[in-house]
Every structure is written in C-alpha cells, then in structure tokens.
Amino acid sequence: MQRKIKVLIVEPDKLPYEKIISNTLRDKQQIVDGYIEYVRLLEDDSVVLICNEEGKINGSKYNRDIGYDIIAGTFIIVRENPDDGEDRSLTNEQIEKYKERFNEESIEKTIQKILNIKMHKNAVDL
C-alpha cells in the first residue's frame, strides 16, 4: 500500500486542487468530514470518488453533478488498483482530466440542475 498518495480534492464551489495525503481511513474521513463512501463514475472505472456517506442527510452543501447523482460535500478523487482495490496516486493525465471535468463550468451546471430540480418540486407541490 502506498503510504502517501496524490489526489484531487473537490470542494463545493471551488476548483479541484492536488494534494498529497496519507493513505489512511482517518485522513480521508477528515477531508470529507465524516464516514467515507466510494462512488464510481460511469465514464471511468480507473478512478473513484471518496465522499461523506451522509453528505445529503447531514446538510452538506451540494457539490458536483456526476451524471446519475449529485455529490454533497467535499470529495476526493483517487486511482483504484484493480488488482487489490487499494487507493493509489492519480496519474498526471488523470489529474488534468478531472481538473477539467470538475471546472467552473461544472459548478455552474450543477447549480442550474439543482435549481431545475427545486423548481420542478415546487411545481409538483402546488
């Protein structure tokens, strides 16, 4: 197991940034502010998102739309080793890909999607 790994951290309303973290459960829980949950992206099975498993029920701010869900709270992107399931450092190519994937435009699209959901819910409640 790699003791330190290079990851991307994605906070609500902020651009992703690289960070070297200890590859421990404790450090990952501190970053996401709670118990961790692994979430897969549909378009790439070489990386996983690590988020707070209670983010939506504990009042965490919505962060990014990943297509089939909206992640609430800060999340971490790591590379997963398919042989042993261990978290690994992202490659430079993955870092650039996910900095672009979760850029300013993704923040705006997520905000718009949340507004559309709220407007639809309000219309249904009438």
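In case you missed it, the structure is sitting above this.
Residues numbered from 1 in each chain as written. Predicted model: local features only at pLDDT ≥ 70, side-chain atom pairs only at ≥ 80, totals over all residues. Heavy atoms only, no water.

(A) The arrangement of the pairing of strand β1 (residues 4–10) in detail. The buried fraction of β1 amounts to 5 of the 7 residues, a majority that puts the element mostly inside the structure. If you look at the hairpin formed by β1 and strand β2 (residues 17–22), you'll find 6 residues sitting between the two strands, and Asp13 has a positive phi there, around 65°. When β1 meets strand β7 (residues 75–80), the two strands line up antiparallel, connected through 3 bridges. If you follow Leu8 over to β7, its bridge partner there is Ile77. (Buried < 20%, exposed > 50% of the residue type's maximum accessible area, 1.4 Å probe, protein only. Helix = DSSP H or I, 4+ residues; strand = E, 2+ residues; numbered from the N terminus. Pairing = 2+ DSSP bridges.)

(B) Just helix α1 (residues 25–32), in detail. Within α1, burial applies to Lys28, Ile31 and Val32. The arc that holds the buried residues of α1, viewed along the axis, is 90°, so those residues lie on one side. More than 90 degrees from the buried face of α1, the exposed residues found are Arg26 and Gln30. Contact partners of the buried residues in α1: β1, β2, β3 (36–41), β4 (44–52), β7 and β8 (87–88). (Arc of directions from axis to C-beta. Contact = heavy atoms within 4.5 Å.)

(C) Representation of unusual backbone geometry within the structure. With a phi angle near 65°, Asp13 is a residue other than glycine that sits in the positive phi range. Tracing the sequence through the fold places Asp13 in the loop between β1 and β2.

(D) Geometry of the pattern of salt bridges. Under the criterion given, the structure shown has 11 salt bridges. The shortest N-O distance in the salt bridge between Asp44 and Lys97 comes to 3.4 Å. Within this pair, whereas Asp44 is found in strand β4, its partner Lys97 is found in helix α2 (residues 92–101), the two being separated by 53 residues in sequence. The shortest N-O distance in the salt bridge between Glu105 and Lys109 comes to 3.2 Å. Note that Glu105 and Lys109 are positioned in helix α3 (residues 104–125) at a spacing of 4 residues, about one turn of the helix. Since its relative accessible area comes to 49%, Glu105 is described here as partly exposed. Exposure remark for Lys109: the relative accessible area of 53% places this residue in the exposed category. (Salt bridge = Lys/Arg side-chain N within 4 Å of Asp/Glu carboxyl O.)

(E) Here's a closer look at the packing of aromatic side chains. Per the counting criterion, the structure on display carries 2 aromatic pairs. On the basis of an interplanar angle of 75° and a centroid distance of 5.4 Å, the ring pair of Phe75 and Phe102 is categorised as edge-to-face. Separated by 27 residues along the polypeptide, Phe75 in strand β7 and Phe102 in the loop between α2 and α3 bring together distant segments of the chain. With respect to class, Phe75 is no different from Phe102; both count as buried. Ring pairing ties together the aromatic residues Phe75, Tyr98 and Phe102, which thus form one cluster. (Phe/Tyr/Trp six-rings, centres within 6.5 Å; stacked < 30°, edge-to-face > 60°.)

(F) Focus on the pairing of strand β5 (residues 62–65). Sheet topology note: the β5/strand β6 (residues 70–72) ladder contains 3 bridges and is antiparallel. Paired with Asp65 across the two strands is Ile70, which belongs to β6. Hairpin geometry of β5 and β6 is characterised by an intervening segment of 4 residues between the two adjacent antiparallel strands and by a positive phi of about 105° at Gly67.

Spatial relationships are all this shows, so hold off on functional conclusions.
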